[in-house]
Amino acid sequence: MEVESTIFMMEGMSQTWYLTTKEQFHTFLGTRGKRVEQAVGEPNSERAERESPICCNSSEPGAKRLKLADGQVESLESQSSGVGVGEPHQKKKARGQNKSRPHMKPTHYDDNRLCPSLVQESADKCFFGERCRFLHDVDTYLASKPPDLGDKCVLFETFGKCIYGVTCRFARAHLGPQHQNLVKEELVKQWEGQKLTSNGLSKDLQHRLRKKKVQFDHSEKYLKQLSKSGRVGTGKDQIPILPAGPEAPKGEQSKAYIDFPGHMAQNSASGDANESLASLESGLPLSETVSGILEKGTTPQRNIVCSSGHLTDEDLIKLRPCEKKRLNIQNKLYLAPLTTCGNLPFRRICKRFGADVTCGEMAVCTNLLQGQSSEWALLKRHHTEDLFGVQLEGAFPDTMTKCAELLNQTVEVDFVDINVGCPIDLVYKKGGGCALMNRSNKFEQIVRGMNQVLDVPLTVKIRTGVQEKVNLAHRLLPELREWGVALATLHGRSREQRYTKGADWQYIQHCAEVAHPMPLFGNGDILSYEDANRALQTGVSGIMIARGALIKPWLFTEIKEQRHWDISSGERLDILRDFTNYGLEHWGSDTQGVEKTRKFLLEWLSFLCRYIPVGLLEHLPQKINERPPYYLGRDHLETLMASQNVDDWISISEMLLGPVPPAFTFLPKHKANSYR
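Chains are numbered independently. Their residues run from 1 in the order of the written sequence. Owing to the predicted nature of the model, reporting of local features is limited to residues with pLDDT of at least 70; listing and counting of side-chain atom pairs is limited to 80 or more, with chain, interface and lining totals taken over all residues. Water and hydrogen atoms were dropped before computing side-chain values, which therefore reflect all heavy atoms in the structure.

Engineer: Which residues make up the confidence of the model for the protein, and what are the values?
Structural biologist: A score from 0 to 100, pLDDT tells how confident the predictor is in each residue. Mean pLDDT for the protein: 78, with 70% of residues reaching 70 or above. Residues are treated as being in contact if the distance between any of their heavy atoms lies within 4.5 Å. Counted against residues more than four places away or in other chains, residues 1–16, with its pLDDT under 50, gives 37 contacts. Confidence drops under a pLDDT of 50 for residues 232–307, and excluding neighbours within four residues, the segment shows 134 contacts in the predicted structure.

The following block contains the structure:
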C-alpha cells in the first residue's frame, strides 16, 4: 500500500526533496548523496533531465514465475504484457518463501579449518590423529586465513579471553608474537562462575537421545492409558471408557464418564462434590484410577465416578493443577516467537528496549527428540531473559508429550507454548500448526498430555481459523480453558489470510470475553503505542508483538513511554552494531560465526527497511501494512536503510562485519521482502 500522502513536508524544504523516483533513489545511493545534494530545491523533473539515471549496478527484479492452479508455470512478464488472446492477466504479488533461493552454509566460507584441539589449546593430542580432517599446522592455517576484520575483538574486550584464538577474525587484538592467545586476568576472574546462557544440549544427553536410551515414564503412562481408554474428549470434560470384555452387545455398550480437572482457576474456586481426590492429587486423568477395572475385563457401570482410591508417593509428590507455578504476565509486553529472526541476539536487543516476556523460536519436537544440535540451539536462554518460554511444534500426542517431559527435566523455562498458528505448508500438511485447529481430538490429547508432564504453565498460540471466513477460535478457547491451558494468544488472521488485510481485533475482543477467566493475549498489526492502546481496550490481558518488533525494535520503549521516537540513522546503526556484537558472542568470532551473524543480520534488515522515519511523516502513526514510495532520507545512511535492494543491505553489513567472502550470495526467506 503506498503512502505518498504521509511523507512529511519539512518547513523550508519542498516535498519533492523526500519523494523521489526509483532511478533518483539509486542515484543518490550510488553517488553517496553528493550529486543530489547540489540539486536541493529543484523539481524532480528538472533534476531527472539533468542527471542520467543509474541504478547502483543493480539489476531490476527478474520476472517472477508463478505456480498456477493446474501446475503450469507462468512468468509475470507474460501476465503484464497481455500478449495473446483475451484480456491481460492481472499482475500478482510475489508471496510465500524463496524456496529455491541460493543457500550457502557459513561453513562453506571456511574450507581450511584448524583442528579444535589447537584452537582450544588443549594439552591432549588430537583424538583422531592422522585421520583428522582439519589442519594441525598453525602457520599453514594463517597463510590461507582471510584477513582480520578489525582491531577489537568483542569477546576479548568483554570477557578477557577469546576462546577462538588464532581462528578469530579479530585475532590481532589478542595474539602474542608466537601466536599465543592473550588473556586479561581481571576480566576472566570477574566472569568466572557466571552462566551467560542456559538450556544447551550436553554431549551425554545427545548420545542418549540418539541411542533412544532416555526414559519417558510419565509420558508412557499417559499414552498407555490413552490407548486403553480410547479417544479423549467426546463430551465436556469427559472420556468414554469402552468395556474390555467382548460380552457386551453392539449398540448397548455402556460408558463411564470420568470428570477431568478443569482450568486451574476454576479448580481452586469450585468445590464440586464430584471432583475426584485422586485426580486432584495426581493431576492425571481419572481414567487411571479405573485401570484395575479395565485390566480385569469387567464392564463399568454407567455414570460411575471414582472419588477415592489408594494414593502412592508419586501421587502425593506430583503437582496439582492449582499448585502449578502461575504465569503472571498481565499487561506485559510479549515478544512473539519469530522463526529465523527471533534469535537470541535479537531478543537481547528487544529486552534492552523494554520487552517483558520473550520466547524462543519454534522448535520441532521430533528434531528435539532426535538430539539435533541445530534444533536445541533454538531453546537457549540468555541470563537477561527473566521471563522466558519455548515454543514447540508437533502433530501427535506421543512425540509432543515426550518432548514436554524431556524439556521439563533438562531446560530452564517459565512456560512452554504450543504452536497452533504456523501457516506454512511443510508444517500444515503434516497435521501441525494451524491444522491442529481442525483436529480437535489430537489437539486435546496433546494439551492434556503435555499439561500432565510439565511443572510449568502450558500456553497455546492460535489463529482465528484455517479458512478466511470460517472462524474457529471462539469455539476452541473454552475447551482450551477446560483442558488446562494457562494462557492463550490469538493472532487476528486466518491461515489463508496469512499477512494480507488487517488483523480482526473485533473478533479478538469477542474471543477475550469467551475465554474468560483464562488470560488471552492479542496479536496483529501493532506498530505504535496508539495501536497498542487500542488493542488493550478490547479487553485482552496483554499484547504480543511480532513484525512490529522486527520493523522497529524500539517499539517497546515507545509503548511504555507513550511517545513517538524520531530515531536517527546513527542510533539505528548503533542498534545494528550491538546486534552484531551479540551475534559474535553467541555464534562465535571465527569465520563461521561472522558469516552466521551476517546472515541473520541480513534477514533482519529485510524488515528494518520498511520503517519510515517519524520526521518524514505528515500523518502519524505509520501502519504496518503500508509500503512507502521511494523517498530520500535526511542523510545518506537513512536513505541507505530505506533501500529494499539486497546489495544495499550487504553494504550495511560490510560496515559492521567487514567485506563479504568471494561468491557471497543472499536472498531473504520471503519473496515480498526484497529484490536483487
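Engineer: Any details on the pairing of strand β9 (residues 458–463)? Residues and values, ideally.
Structural biologist: In this scheme, a residue with accessible area under 20% of its type's maximum is buried, one over 50% is exposed, and one in between is partly exposed, where area comes from a 1.4 Å probe on protein chains only. Secondary structure elements follow DSSP: runs of H or I of four or more residues count as helices, runs of E of two or more count as strands, with numbering from the N terminus. Buried residues dominate β9, accounting for six of its six residues. Residues Leu458, Val460 and Ile462 of β9 are buried on one face, and the alternating residues Thr459, Lys461 and Arg463, pointing to the opposite face, are buried as well. Relative to β9, strand β8 (residues 415–420) runs parallel, the two being bridged by five bridges. Paired with Ile418 across the two strands is Val460, which belongs to β9. A pair of strands is considered paired only if DSSP assigns at least 2 bridges between the two. Both β9 and strand β10 (residues 487–491) contribute to a ladder of five bridges, which runs parallel. For Ile462, the partnering residue across the bridge sits in β10 and is Leu490. Traced from β9 through helix α21 (residues 473–483) to β10, the parallel crossover comes out right-handed. Note on handedness: a crossover is taken as right-handed if, strands pointing away from the viewer, the path from the first strand over the helix to the second is clockwise.

Engineer: Requested: an account of the pairing of strand β5 (residues 358–364), with residues and values cited.
Structural biologist: Counting buried residues along β5, six of its seven residues qualify, which places the element largely inside the surrounding structure. Judged from the five bridges that link them, β5 and strand β7 (residues 388–393) form a sheet pairing that is parallel. Its bridge partner being in β7, Val364 is matched across the sheet by Glu393.

Engineer: Describe the pattern of salt bridges, and please don't skip the residues or the numbers.
Structural biologist: Here, a salt bridge means any side-chain nitrogen of Lys or Arg that lies within 4 Å of a carboxyl oxygen of Asp or Glu. In total, this model carries 25 salt bridges according to the counting rule given. Put simply, Asp525 and Arg493 hold a salt bridge, and the shortest N to O gap is 2.3 Å. Of this pair, Asp525 sits in the loop between β11 (520–523) and α23 (529–536) while Arg493 is found in the loop between β10 and α22 (505–515), placing the two residues 32 residues apart along the sequence. Of the residues examined, Arg493 reaches a relative accessible area of 1% and is grouped as buried. Counted as one network, the salt bridges with shared partners bring together Arg493, Asp525 and Arg547.

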